[in-house]
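# Observations on chain architecture
Residue-level listing of the chains:
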Amino acid sequence: MKRGLVLEGGALRTIYSSGVCDGLLEAGLEFDYVVGVSAGIAYGVSFLSGQFGRNLEILSRYANDKRYMSKRNMLRPGNRHCYFGLNFTYDVIPNRLVPYDYAAFARWPGVAEAVVTDLETGRAAYFPVDCQDRRFILLQATCAMPPLFPIFDYQGIKCLDGGVADPIPWKWALEMGCDRVVVVLTRERDYHKRPEHLMGLMRAVYHRYPKFLKVMSRRVELYERSREELFEAERQGKVLVYCPDCTQRFSRTERDMVKIHALWQQGLDHARARAGETTAYLRG
């Protein structure tokens, strides 16, 4: 039996997923395959290395640090007009300030993949996370929210945030042969995505990529359909879904540590409360 874990993105809302993953670590639950989008997998690698609370520590220390995220970063030389400090976030933090355990990740026997959106085709592309990449280039690419990040070239593919083309890659986990799939969302069950209000800007910035713009224009439809089908699969017992109680007034660039800690705690509490249910589901 192959067990899969699927992690939705959502920038700093993904601290909820970190709480859930920390609860899964506490319960000793293991997975053979993990796939995530954007911050889902960027935060999720701490689960793969078994580092309980690491993502909460990072945000506690640096969510209000302008080197981590600020408009100033967009003007900083070498930061490629990105709102997040690329070198600080993906190099200085994991390699110096809050060290990532690369050796533990290398010992993990499963397969982890991150999703990106191919700008040329408008389709999702799935790449294995390289435990030897100490700059986390793939994680930078999957997190590349348009237009707050630059375009990345990864293995010859020009790409941005995987959440555009495949916001919740649970079907991909099934295609990869998973018999049991746990999905962690970062929006509440009754959430409905609003139309993209920056499409005018998107057309101006990405006019060279018409297929990407097409999938961007259908983003709400794709997201709503994915969630609808996911919840139907849950009702049929095919997947197990975690989702937060409420994310209203929680920004994807949230700086309020009271809110951040509360959302992490909510995820941890949910995982603890459902540990028995999740264990039984994974055992089949």
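Data block above holds the structure.
Read on for an overview of the structure.

Counting its regular elements, the chain contains twelve helices and eight strands. A compact globule built from 284 residues would reach a C-alpha radius of gyration of about 19 Å, and the chain, at 18 Å, matches this within 12%. Oriented by its inertia axes, the alpha-carbon framework of the chain measures out at about 50 × 40 × 35 Å. Taken across its 284 residues, the chain has 57% of its residues classed as buried. Put simply, 75% of the contacts in the chain that link residues at least 6 apart link residues at least 24 apart. Accessible surface, the chain: about 12700 Å² in total, of which carbon and sulfur atoms supply 50%. Here the chain holds 40 positive side-chain charges and 33 negative ones, and the gap between their average locations is 6 Å.

The next subject is the environment of Gln132. With respect to the secondary-structure elements, Gln132 resides in the loop between β4 (124-128) and α6 (137-142). Sequence separation of Gln132 and Pro77 is 55 residues, and the distance between their C-alpha atoms is 27 Å.

In β4, alternate side chains face the same way, and those of Ala125 and Phe127 are buried while those of Ala124, Tyr126 and Pro128 on the opposite face are not. Both strand β3 (residues 111-118) and β4 contribute to a ladder of five bridges, which runs antiparallel. From the neighbouring strand, Thr117 faces β4, where its bridge partner is Ala124. Counting the residues that bridge the hairpin from β3 to β4 gives five residues, and of these Gly122 lies at a positive phi of roughly 75 degrees.

Moving on, we come to the environment of Leu48. For Leu48, the location among the structural elements is in helix α2 (residues 39-48). Note on Leu48: relative accessible area 5%, which makes it buried. Along the chain, Leu48 and Ala104 lie 56 residues apart, while their C-alpha atoms are 7.7 Å from each other. Once residues within four sequence positions are removed from consideration, Leu48 is found in contact with Val34, Ala104, Phe105, Trp108 and Ala112.

The next thing to look at is the pattern of salt bridges. If charged atoms from side chains of opposite charge come close, those side chains can pair. Under the definition given, this model contains twelve salt bridges. Of the charged contacts in the structure, one is a salt bridge between Asp91 and Arg135, with a shortest N-O distance of 3.6 Å. Here Asp91, found in helix α4 (residues 86-97), pairs with Arg135, found in the loop between β4 and α6; they are 44 residues apart in sequence, far enough to count as distant. Owing to a relative accessible area of 37%, Arg135 belongs among the partly exposed residues under this scheme. The partner of Lys259 in a salt bridge is Glu254, and the shortest N-O contact between them spans 4.0 Å. Residue classification places Lys259 among the partly exposed residues on the basis of a relative accessible area of 33%. You can call Glu254 buried: its relative accessible area is 9%. Where salt bridges share partners, they join Arg218, Glu221 and Arg225 into one cluster.

This part takes up the pairing of strand β1 (residues 3-7). Each regular strand carries side chains that alternate between the two faces of the sheet. Of all five residues making up β1, four are buried, and the element is well covered by its neighbours. Bridging between β1 and strand β7 (residues 180-184) involves five bridges; their strand directions are parallel. For Arg3, the partnering residue across the bridge sits in β7 and is Arg180. Relative to strand β2 (residues 33-37), β1 runs parallel, the two being bridged by four bridges. Within β2, the residue paired with Leu7 across the bridge is Gly36.

We now examine the packing of aromatic side chains. Throughout the structure, instances matching the rule amount to 15 aromatic pairs. With a centroid separation of 5.1 Å and an interplanar angle of 85 degrees, the aromatic rings of Tyr100 and Tyr102 are classed as edge-to-face. With a centroid separation of 5.6 Å and an interplanar angle of 80 degrees, the aromatic rings of Tyr100 and Phe136 are classed as edge-to-face. Taken as a pair, Tyr100 in the loop between α4 and α5 (102-107) and Phe136 in the loop between β4 and α6 lie far apart in primary sequence, 36 residues in all. Taken together, the ring pairs in this structure connect Tyr100, Tyr102, Phe105, Trp108 and Phe136 into an aromatic cluster. One residue, Lys193, lies across the ring of Tyr223, its end atom 5.3 Å from the ring centre.

Rules behind the numbers
Residues numbered from 1 in each chain as written. Predicted model: local features only at pLDDT ≥ 70, side-chain atom pairs only at ≥ 80, totals over all residues. Heavy atoms only, no water. Helix = DSSP H or I, 4+ residues; strand = E, 2+ residues; numbered from the N terminus. Rg over C-alpha atoms; globule rule 2.2 N^0.38 Å. Buried < 20%, exposed > 50% of the residue type's maximum accessible area, 1.4 Å probe, protein only. Contact = heavy atoms within 4.5 Å. Areas by Shrake-Rupley, 256 points an atom, 1.4 Å probe, with all protein chains shown as cover. Lys, Arg positive; Asp, Glu negative; His and termini not counted. Charge placed at Lys NZ, Arg CZ, Asp CG, Glu CD. Pairing = 2+ DSSP bridges. Salt bridge = Lys/Arg side-chain N within 4 Å of Asp/Glu carboxyl O. Phe/Tyr/Trp six-rings, centres within 6.5 Å; stacked < 30°, edge-to-face > 60°. Lys NZ or Arg CZ within 6 Å of the ring centre and 35° of its normal.

Functional significance is not addressed by these values, which are geometric in nature.
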